[in-house]
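Chain and residue survey
Listed here are the chains, written in short residue letters.
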Amino acid sequence: MENFEPVILAFCCHYCAYTAADMAGSMRLRYPPNVKIIRVPCSGKVDAIHIMKSLEKGADGVYVAGCLEGDCHFKNGNGRATHRVEYLKKLLDEIGIGGERVEMFAMSAGMGERFAQTATDFTEKIRQLGPNPVKAAPQNQRAAG
Amino acid sequence: MSEQKRFQPSNRVLVVGGGMGGIRAALDLAETGRDVVLVDKGFAIGGLMTQLDRTFPTNNCDLCTLSPHLSASGRKLHIQLMAMTKLCGLDGEAGHFKATLTTAPRYIDLMKCTGCGECFRKFPESVRFIPGLDHRAPTCMRYPQGTPFAYSIIKDERTDFAGLAGVCPAGAILPDDAEKVQEIEIGSIILAPGAEVFNPQILDSYRYSRHPNVVTSLEYERILSASGPTKGDLVRPSDGKRPRKIAWIQCVGSRGIQEGSVPYCSSACCMFALKEAIVTRERFYEDVETTLFYMDMRTSGKDYELYLQRAINDYGIRLVRARPHSVESVMEAGTPAGDLLIRYLAQGEDSLKTENFDMVVLATGFRVSPEAKDLAAKIGVDLNEHGFARAGSFDPVATSRPGIYVCGMFESPKDIPDTMVQASAAAAAAAKDLTPLRVVAQAREELPPEREVAGEVPRIGVFVCDCGLNIGGVVNVEEIAASAASLPQVVVAETIGHGCSRESLEHIQATIWSKRLNRVVVGACSPRTHEGLFQEAVRRAGLNKYLVEIANLRDQDTWVHRDLPSAAAAKAKDLMRMAVASVRLARPLADQTLPMNKDVLVVGGGIAGMTASLRLADLGYKVHLVERLKELGGVAKQMRRTLEGEDVRAFVDDLIKRTEGHDRIKVWKQAMVVDHSGMAGMFRTGLQVGPQMFYREIRHGITILATGALPHRPDEYYWGRHRAVRTQLELEAFLEDHSEDVQVWDKVVMIQCVGSRVPENPNCSRVCCQAAVKNALKILEINPKAQIVVLYRDMRTPGFEEDYYRQAREKGVIFAAYNPEARPVVEPEGGKVAVRFTDPILGRELTVSADCLALSTGMIADEESTEDLGMIFHLPRTPDGYFLEDHIKLRPIDLPIPGFFVAGTAHAPKTIRETIAQAQAAAGRAQTFLARDSINLGAAVARVYGELCAACLICVRSCPFGVPFINEEGYSEIDPSKCHGCGVCASECPAKAIQLRQYEDDHIMAKIDGLMEGIR
């Protein structure tokens, strides 16, 4: 487990979190390269199926990052995303993958530092949790599934 | 030529100078449908900025931020670009000028030159100019992405013209080219000739002309620059060794001590020296020590103080408050070695120190060039005592001659964001002298028809940008391209240098044609800033603009993982795979458009709000001005005079009168913004107005936020509890109203940075140093015997404010620096207060009994209103509560949401003069929107696949804007012109009957697959 490098997907809304990620870049902050970002117009666009498929295909952690509460460019998309993530956490606990592998974060476009800190903390948490148990399933079973 | 017909003689603007300011002004005018003639004396446009490696505070590569603008101005149909051209004479008056332009021979036919560089390779012996550190060549390209993209030749006796002409494959060399003179008709003029950098040769003691390792900051930029003489490798000129210890000396040639210096402050040098030191540490970290010798660190711009703190705390840059007298060569065995010795007396120390450095960088300031002074004389524009164009406190871009405006350095020394603000302000001012635009036949670029790609197998082209060293310096871009080449359906994968340069964009287009590509992936910077540019490029090559995908290799990879280059390379490959997987599924899409509402909402009725309102109303737009108080005027109502002595009250009263009397301005007093919806061109904002709080809805196309800042009132130093203690703002009024009391004052103390530059409010308030100087001079005017002590941390009087600071010193005001760890202590002493502080020169504690203690409390963001408005309008703010603009450097007025602009102190603390410039600029930027007849809503709209829809109403209930409805056929329908494109319905729909275009589920899944394929 020493060399475990988790694969982490971050769905970031265009208006806040994705901009904050760019801001972290202009500020030359550092965060682990494990985090790969997929840009979405709003965190409310992130479908439960996107998160579940990411885990099924072997991502060790997935998070959704949207605007601060009340700041959503589309009124309440971030609220919907939060509820969706909460629901998925329960589901993941039930099926034994563990709800702590998914998370919802909020930040504004100006919060480059929070973006970097969140990416760092989440990567560290997933590193502690170890690899996604889906990956431990035998190859043939996964292919069949 | 049909092009000539479009240019209506007196309805165009002449812009003199193609630097950042000139380009911005020309682009703004062109965007509002005005014609522009942009002339520059150089061979290509870009000005001083093209020579810089990176700019503060983003530490971004300049060419990357600049080159999109350059290629934009090369191509804009409203802009006629004339390089190597000067304005030589001017007749007529505002609205009807006749200008004489002289174009020097280039000896190259611009229509034929392809910029291949063959002439340069065959005749490299004399390149014309890259300042200070270059060889010579017969042709000249100042930087790799020049516009016009063509060489130029210096003709002298030695030039073998026949040989040179024979080398050119395009036959573009014209040995008989000659100077051309022409007269053109124009309506108004913008002067943006920029400045030149001080040449420190005259300062013998710094050994600039005698020692190769003493360089100017501009030369140091060239050494750091990827397109510079050392290709970005940091080596010192004398022996090509990497320097280990570098010193910067500030104020060389500025703030007038040395012979040949000027008395004013050059404003930008503190920040660019910090930037050079930060970039140096960033690239070489522990290997290079960086020391700055300074007088006052003048980091008073927006968030610049945080940059200074980062320089000290995160990058370990050493700051020494000292003005070194000289730089000496270190001798070894009788001959000068490469090293240099600096002798200095640091503040607070009593003995002279000596220290060796490997290299010394002189932070040289700015001068108006003799050519610019000549030009001013020729066209009748007054200069001030420093040779800069004279402009008023309340009209900062108007020169002494009506119809001629000024922006950038020629007005006063300044940095790029301030130049951009003035440029937009000048463009707005210049437009009002032209005949009003009625029906503008929108000039449109002829585009090839869009190729039908639906039935084709994807043929993907992958292009990887190195972004100078930004990407290429961390990962091997060849390797990234090679890895993408192996992906299915990738037909071509290559590196392209600076991807956003005109040359690279043309290469991408040529490759699309030659390889019949139908999808493109660009590995570059953020799609947030550059997606539009690449979309336009593929469109010009006959592809729908949504067939390109950007992988963010810079902002989200190489910039944040530069300490882990191999992990960064692996991530870059991942990101490329994700982009390729997704673009494979990309479909051609059409943008939605709607008619534009041309009314304007201005929030905030202070100087900024009123100035912007009047500008736009004068141009014929209907303006709604919303003020939450009972009266217009804002904080400026409490001020009396500017530093230059102009009457603020009279100005504000006049502004109020004109605003309230204007028949196109509707002023809503005691009004609060309570709700908001829509998008640029079709906003709706709800107000509660008057004591009864009646609700009113306003429909408008754009919004300007000018809500101001608040005078800071920290509970410190007995303010509000002792009558001798006042803020500078209160003191200003007191001096005007109670001069008899001032006449008996014996001693006055002022404390700077009270409540600013402290952990609770880390930024500088910008205005307090000049306010202290202003009030000190006023006190001495009333009572010449008064003793005034100003306790400060850094005196920040940039530009010509320095003149007044010097005057105050000459008149006996004592300025004593204090250390933030040992702040002055104040005790009441009857009617006076006792102020105890440590004098830095005597090194002793002193106590002064002051009749008056003035606290420079500065400004603080109006958190309550910016928070509310930020929420209502969904606009981001800085951590200290100011509105956050779209791009700190290049778009300081535009807010990140299209159709929103900011002006005045709602953006950051600033002076009245700066506020007015920004308000005029906001009006100018607003016009670029208002000139359009329709709004583009983009293509990201939800589409319902009726056959899958079960009419379950989930979309109807979940849409934040109530757009979906169940139509006659019994399934959900979404009007694309009303859809905001958030995608909530698509993710909620249980049948997956709704897809959000551009972000379809299969695209997102493809990205996930693309990532995992490489990792498993």
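First things first, this report covers the structure right here in the doc.

Rules used in this analysis
One numbering rule holds for all chains: residues counted from 1, following each sequence as written. Working convention: letters from A go to chains and numbers from 1 go to ligands, in the order in which they are written. Where totals are concerned, whole chains, interfaces and linings use all residues; where local detail is concerned, this predicted model gives features only for residues with pLDDT of at least 70, and gives and counts side-chain atom pairs only at 80 or more. For side-chain calculations, the full set of non-hydrogen atoms in the structure is used, while hydrogens and water are omitted. A run of DSSP states H or I qualifies as a helix once it reaches four residues; a run of E qualifies as a strand once it reaches two. Both are numbered from the N-terminal end. Only C-alpha atoms enter the radius of gyration; for comparison, a globular chain is expected to reach 2.2 Å times N to the power 0.38, where N is the number of residues. By definition, residues are in contact when any of their heavy atoms lie within 4.5 Å. The method behind every accessible area is Shrake-Rupley, applied with a 1.4 Å probe, and residues are considered shielded solely by the protein chains displayed. Think of it this way: Lys and Arg go in the positive column, Asp and Glu in the negative one, and His and the chain ends go nowhere. Just so you know, the charge point we use is NZ for Lys, CZ for Arg, CG for Asp and CD for Glu. The rule for a salt bridge is simple: a side-chain nitrogen of Lys or Arg has to be within 4 Å of a carboxyl oxygen of Asp or Glu. Here the term buried applies to any residue with accessible area under 20% of the maximum for its type, exposed to any over 50%, and partly exposed to those in between, with areas from a 1.4 Å probe on protein chains only. DSSP calls a pair of strands paired once it identifies at least 2 bridges connecting them. Here, axes are lines fitted to C-alpha atoms. For helices the fit covers the stretch in contact, and angles between N-to-C directions go from 0 to 180 degrees. Buried area is calculated as the accessible area (1.4 Å probe) missing from two parts once they are joined, with the contributions of both summed. Three classes are used: nonpolar for Ala, Val, Leu, Ile, Met, Phe, Trp, Tyr, Cys and Pro, charged for Asp, Glu, Lys and Arg, and polar for all others, with Gly counted as polar. Two cysteine sulfur atoms make up a disulfide if the distance between them is within 2.5 Å. One less than the number of residues in a helix, times 1.5 Å, gives the span that helix is expected to have. In what follows, roughly perpendicular refers to angles from 65 to 115 degrees, roughly parallel to angles under 35, roughly antiparallel to angles over 145, and oblique to any angle outside these ranges. Each helix crossing is assigned a hand: it is left-handed if the near helix lies turned anticlockwise from the far helix by less than a right angle, otherwise right-handed if that turn is clockwise. The criterion for an aromatic pair is that two Phe, Tyr or Trp rings (for Trp, the six-membered ring) have centres within 6.5 Å, with stacked assigned to planes under 30 degrees apart, edge-to-face to planes over 60 apart and tilted to the rest. The definition of a polar contact used here is a pair of N or O atoms within 3.5 Å, where within protein one atom must be able to donate a hydrogen and the other to accept one, and adjacent residues in sequence count solely through side-chain atom pairs. When we speak of the arc, we mean the arc of directions from the helix axis to the C-beta atoms. Here, the term nonpolar core denotes a set of buried Ala, Val, Leu, Ile, Met, Phe, Trp, Tyr and Cys residues that are joined through side-chain atoms within 4.5 Å.

**Some details on the overall build of chain B**
- On a plain count of helices and strands, chain B comes out with 27 helices and 48 strands.
- In summary, chain B has a C-alpha radius of gyration of 30 Å against a globular reference of 31 Å for 1016 residues, a match within 12%.
- Sequence separation of 24 or more characterises 71% of the internal contacts of chain B that already satisfy a separation of 6 or more.
- As presented, chain B carries roughly 38700 Å² of accessible surface, and 50% of it is formed by carbon and sulfur atoms.
- Of the charged side chains in chain B, 118 are positive and 129 negative; the average position of the first set lies 1 Å away from that of the second.

**Here we look at the pattern of salt bridges**
- Counted under the stated rule, the structure contains 76 salt bridges over all chains.
- Between Asp563(B) and Arg30(A) there is a salt bridge, with the nearest N and O atoms lying 3.2 Å from each other. Taken as a pair, Asp563(B) in the loop between helix 15 (554-558) and helix 16 (565-583) and Arg30(A) in the loop between helix 1 (17-26) and strand 2 (35-40) lie in two separate chains rather than in one.
- Owing to a relative accessible area of 42%, Asp563(B) belongs among the partly exposed residues under this scheme.
- Arg30(A) gets classed as partly exposed once you look at its relative accessible area, which sits at 43%.
- A salt bridge links Asp60(A) to Lys135(A); the nearest nitrogen and oxygen atoms lie 3.1 Å apart.

**What to know about the sheet that holds strand 39 (residues 832-839) of chain B**
Residues and elements named next belong to chain B.
- Taken in spatial order, the three strands of this open sheet run 38-39-40, and their pairing is antiparallel. The strands lining the two open edges of the sheet, one partner per strand, are strand 38 (825-829) and strand 40 (844-850). Strand-to-strand twist across the sheet, computed as the mean angle between neighbouring axes with direction ignored, equals 25°.
- In this sheet, strand 39 lies alongside strand 38 in antiparallel orientation, the contact comprising five bridges.

**Quick look at the pairing of strand 29 (residues 671-679) of chain B**
All names here are of chain B.
- Pairing analysis gives eight bridges linking strand 29 to strand 30 (residues 682-689), with the strands arranged antiparallel. Its bridge partner lying in strand 30, Met 679 is registered against Met 682.
- Two successive antiparallel strands, strand 29 and strand 30, enclose a turn made up of two residues, where Gly 681 displays a positive phi of approximately 95°.

**Notes on the sheet that holds strand 31 (residues 694-700) of chain B**
Residues and elements named next belong to chain B.
- Spatially, the three strands line up as an open sheet ordered 29-30-31, and their pairing is antiparallel. Of all the strands in the sheet, the pair left with one neighbour each is strand 29 and strand 31. For this sheet, the mean inter-axis angle between neighbouring strands, taken without regard to orientation, is 20°.
- As paired strands, strand 30 and strand 31 are joined by seven bridges and run antiparallel to one another. The residue of strand 31 that forms the bridge with Leu 687 is Arg 696.
- Set on the sheet, helix 23 (residues 863-873) makes contact with strand 29 and strand 30; between it and strand 29 the angle comes to about 25°.

**Looking at the interface of chain B and chain A**
- If you look at the interface, chain B gives 56 residues, while chain A gives 52 residues.
- Between chain B and chain A, the buried area comes to about 4700 Å², and carbon and sulfur atoms account for 60% of it.
- By the criterion of area lost to chain A, the three top residues of chain B are Arg528(B), Gln556(B) and Tyr999(B), representing 13% of everything that side buries.
- Viewed at the interface, chain A and chain B are joined by 10 salt bridges.
- For the salt bridge of Lys57(A) with Asp1009(B), the shortest nitrogen-to-oxygen distance reads 2.7 Å.
- Elements supplying a minimum of two residues to the side of chain B that touches chain A: helix 14 (527-540), helix 15, helix 16, helix 23, helix 25 (954-958), helix 26 (984-988) and helix 27 (1001-1015) of chain B.
- Sorting elements by how many residues they give to the side of chain B that touches chain A places helix 27 of chain B first, with nine residues.
- Among the residues forming the side of chain B that touches chain A, the class breakdown is 24 nonpolar, 15 polar and 17 charged.

**Regarding the state of the cysteines**
- Throughout the structure, instances matching the rule amount to one disulfide over all chains.
- Here Cys16(A) pairs with Cys67(A) through a disulfide, and the sulfurs are 2.4 Å apart. On the S-S bond that ties Cys16(A) to Cys67(A), the torsion sits near 95°, and the link is right-handed. In this pair, Cys16(A) sits in the loop between strand 1 (8-13) and helix 1 while Cys67(A) sits in the loop between strand 3 (61-66) and helix 3 (77-94), placing the two residues 51 residues apart along the sequence.
- Residue Cys16(A) is classed as buried on the basis of its relative accessible area of 8%.
- Since its relative accessible area comes to 4%, Cys67(A) is described here as buried.
- Looking at Cys270(B), it has no disulfide partner, and the nearest cysteine sulfur is the one in Cys251(B), 6.0 Å off.
- The exposure class assigned to Cys270(B) is buried, which follows from its relative accessible area of 8%.
- Left without a disulfide partner, Cys979(B) is nearest to the cysteine sulfur of Cys985(B), which lies 6.2 Å away.

**Some details on helix 7 (residues 269-284) of chain B**
- With 16 residues, helix 7 of chain B should reach 22 Å at 1.5 Å per residue; the first-to-last C-alpha distance of 22 Å fits that figure.
- The buried fraction of helix 7 of chain B is high, at 15 of 16 residues.

**A closer look at the packing of helix 6 (residues 217-224) of chain B against helix 7 of chain B**
Residue and element names in this part refer to chain B.
- Relative to each other, helix 6 and helix 7 sit at 30°, their axes nearing to 11 Å. Put simply, helix 6 runs roughly parallel to helix 7. In the crossing of helix 6 with helix 7, the sense of the turn from one axis to the other is left-handed. Where helix 6 abuts helix 7, its residues Ser 217, Tyr 220, Glu 221 and Leu 224 lie against Phe 272, Lys 275, Glu 276, Val 279, Thr 280 and Arg 283.
- Residue classes in the contact of helix 6 with helix 7 are distributed as four nonpolar, two polar and four charged.

**Regarding the packing of aromatic side chains**
- Tallied over the full model, the rule gives 20 aromatic pairs over all chains.
- Judged by centre distance (6.4 Å) and plane angle (85°), the rings of Phe74(A) and Phe961(B) are edge-to-face. With Phe74(A) in the loop between strand 3 and helix 3 and Phe961(B) in the loop between helix 25 and strand 46 (965-966), this residue pair bridges two chains.
- Classification of Phe74(A) as buried rests on a relative accessible area of 3%.

**Examining the side chain of Asp28(B)**
Residues and elements named next belong to chain B.
- By secondary structure assignment, the location of Asp 28 is in helix 2 (residues 20-31).
- In terms of polar contacts, Asp 28 uses its side chain to reach the side chain of Ser 424, at 2.7 Å.
- Beyond its immediate sequence surroundings of up to four residues, Asp 28 is in contact with Ser 424, Ala 427, Arg 925 and Thr 928.

**Regarding helix 13 (residues 502-514) of chain B**
Residue and element names in this part refer to chain B.
- Along its 13 residues, helix 13 runs 18 Å from first to last C-alpha, staying within 8% of the 18 Å computed at 1.5 Å per residue.
- By the burial criterion, the buried members of helix 13 are Ser 504, Leu 505, Ile 508, Gln 509, Thr 511 and Ile 512. Looking straight down helix 13, one finds its buried side chains confined to an arc of 160°; they lie on one side.
- Buried residues along helix 13 sit in contact with strand 21 (460-464), strand 22 (490-495), strand 23 (519-524) and helix 14.

**Quick look at the environment of Pro595(B)**
- Summarising the element assignment, Pro595(B) is placed in strand 25 (residues 592-595).
- Spatially, the C-alpha atom of Pro595(B) lies 7.4 Å from that of Gly681(B), the residues being 86 residues apart in sequence.

**What about the side chain of Ser254(B)?**
- Summarising the element assignment, Ser254(B) is placed in the loop between strand 12 (245-252) and helix 7.
- Residue classification places Ser254(B) among the buried residues on the basis of a relative accessible area of 2%.

**Section: the packing of helix 17 (residues 607-618) of chain B against helix 18 (residues 648-661) of chain B**
Residue and element names in this part refer to chain B.
- Packing of helix 17 against helix 18 leaves a shortest axis separation of 10 Å and a crossing angle of 45°. The angle between helix 17 and helix 18 falls in the class oblique. As helix 17 runs across helix 18, the sense of the crossing is left-handed. The residues of helix 18 that touch helix 17, namely those facing Ile 607, Met 610, Thr 611 and Leu 614, are Phe 651, Val 652, Leu 655, Ile 656, Arg 658 and Thr 659.
- Looking at the contact of helix 17 with helix 18, its residues break down into seven nonpolar, two polar and one charged.

**Here we look at the nonpolar core**
Residue and element names in this part refer to chain B.
- Ranked by internal contacts, the top residues of the largest apolar core, which has 91 residues, are Ile 190, Leu 616, Ile 702 and Ile 704.
- Apart from the residues within four sequence positions on either side, Ile 704 is in contact with Leu 601, Val 602, Val 603, Ala 612, Leu 616, Phe 901, Ala 922, Ala 923 and Ala 926.
- One finds Ala 484, Val 548, Ala 569 and Met 578 within the second-largest nonpolar core, a separate group that totals 72 residues.

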